[in-house]
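This is what each chain is made of:
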Amino acid sequence: MSVNLSLEFFPPKTAEGADKLRAVRARLYALQPEFCSVTFGAGGSTQEGTLDTVRAIVAEGWPGVPHLSCIGQTAASIRERLASYRAAGVRRLVALRGDLPSGYGMGGEFRHASDLVAFIRAETGDHFRIAVAAYPEFHPQARSPEADLDAFAAKVGAGADLAITQYFFNADAYFRFVDEARRRGVTVPIVPGIMPITNSTQLLRFSDSCGAEVPRWIRLRLQGFGDDSAAIQDFGADVVAALCRRLHEGGAPGFHFYTLNQSAGVLELCRRGGWGAPSI
């Protein structure tokens, strides 16, 4: 089965972490990813680590795609960051509103991701292929689902080429979101973000903090496994592989895997889905 795949990493904080991530990337490159994105901390707190990781990916021969958030940033700081990315050979970006570190006010010259997308286009023309975020279960800070859909359409209208969703486990939420976006005139590909289930405690903590819904039946099954990590990973791979198959059959344009800087979960999903991953 031919499927377009992309991968997301976060910047390592130590030299040891960088070495481990280099080995993870080497294993995941066997999937022939379209690109590899690298996250950008709240208020730009990991921006140098983001750039270093992107440079490493580019040096390894793959498209490195930095996340760029605008809350707390000035036009001058974003302009400087764009120049750094151009100098590093970057041709794609993930443009986000982002969050400030705890205790900071809004600050900066940008309020919305649509402002950032419009600024990037005004500054750099068509140099960058820009991806933006989408929330099939709606952004936790949105006033309403309708307001969130309108905000999504606005940032695509500002010049985005692609959307990548927050992870989810309900395929119907994705399909309904895509239908609603199309009714608002959005035509860009909307790629599902996929989170492997390898650690139940980590997954539930992440999901509660970002507003991603974990269906009750999945929560209960995960809790029932206790500390049996092998059972959790096997169950999680079954659940997420089935989700991916349904999304692919329903016309999803590919998958964006949230790797959490690990390779085994993604490779197992691709093996079960028949997407050309090597045996592990």
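Everything numeric in this text was worked out from a predicted model, so none of it was measured.

Novice: Before we move on, could you go through the sheet that holds strand S5 (residues 129–134) and cite the residues and values that matter?
Specialist: Here we have 8 strands rolled up into a closed barrel, ordered S1-S2-S3-S4-S5-S6-S7-S8, and parallel in their pairing. Put simply, the sheet's adjacent strands are angled 30 degrees from each other on average, direction ignored. With 3 bridges joining them, strand S6 (residues 162–167) and strand S7 (residues 190–194) adopt parallel strand pairing. By the bridge assignment, tyrosine 167 is partnered in S7 with glycine 193. Here helix H6 (residues 171–183) sits on the sheet in contact with S5, S6 and S7, set at roughly 155 degrees to S7. Docked against the sheet, helix H9 (residues 229–249) engages S7 and strand S8 (255–258), running at close to 175 degrees with respect to S7.

Novice: Can you break down the nonpolar core residue by residue, with the values?
Specialist: With 86 residues, the main nonpolar core has Phe152, Leu247 and Phe257 as its most contacted residues. With 8 residues, the top contributor of residues to this core is H9. Residues within four places of leucine 247 in sequence aside, it is in contact with Phe168, Ala171, Tyr174, Phe175, Pro192, Ile194, Ala252 and Phe255.

Novice: Pulling in residues and values, what's your account of the pattern of salt bridges?
Specialist: All told, the structure shown has 17 salt bridges when counted by the stated rule. With its nearest N and O atoms 3.2 Å apart, the salt bridge here joins glutamate 48 to arginine 81. Of this pair, glutamate 48 sits in helix H2 (residues 47–59) while arginine 81 sits in helix H3 (residues 75–87), and the two are 33 residues apart along the sequence. Take glutamate 48: its relative accessible area is 43%, and that puts it in the partly exposed class. Judged by its relative accessible area of 7%, arginine 81 falls in the buried class. Across the pair arginine 246 and aspartate 172 runs a salt bridge, and its minimum N-O distance is 2.6 Å. Note that arginine 246 is positioned in helix H9 and aspartate 172 in helix H6, a separation of 74 residues in sequence. Arginine 246 sits in the partly exposed class, given a relative accessible area of 41%. Assessed through its relative accessible area of 43%, aspartate 172 is described here as partly exposed. Among the ionic contacts, a cluster of salt bridges with common partners joins Asp234, Asp238, Glu268, Arg271 and Arg272.

Novice: Describe unusual backbone geometry, naming the residues involved and giving the relevant values.
Specialist: The backbone of leucine 260 sits at a positive phi, close to 55 degrees, despite the residue not being glycine. Inspection of the secondary structure puts leucine 260 in the loop between S8 and helix H10 (264–273). The partly exposed category is assigned to leucine 260, whose relative accessible area is 23%. The phi torsion at asparagine 261 lies on the positive side, around 60 degrees, for a residue other than glycine. Mapped onto the elements of the fold, asparagine 261 is located in the loop between S8 and H10. The exposure class of asparagine 261 is buried, given its relative accessible area of 11%.

About the thresholds
- Residues numbered from 1 in each chain as written.
- Predicted model: local features only at pLDDT ≥ 70, side-chain atom pairs only at ≥ 80, totals over all residues.
- Heavy atoms only, no water.
- Pairing = 2+ DSSP bridges.
- Helix = DSSP H or I, 4+ residues; strand = E, 2+ residues; numbered from the N terminus.
- Axes fitted to C-alpha atoms, helices over the stretch in contact; angles between N-to-C directions.
- Contact = heavy atoms within 4.5 Å.
- Core = buried A, V, L, I, M, F, W, Y, C linked by side-chain atoms within 4.5 Å.
- Buried < 20%, exposed > 50% of the residue type's maximum accessible area, 1.4 Å probe, protein only.
- Salt bridge = Lys/Arg side-chain N within 4 Å of Asp/Glu carboxyl O.

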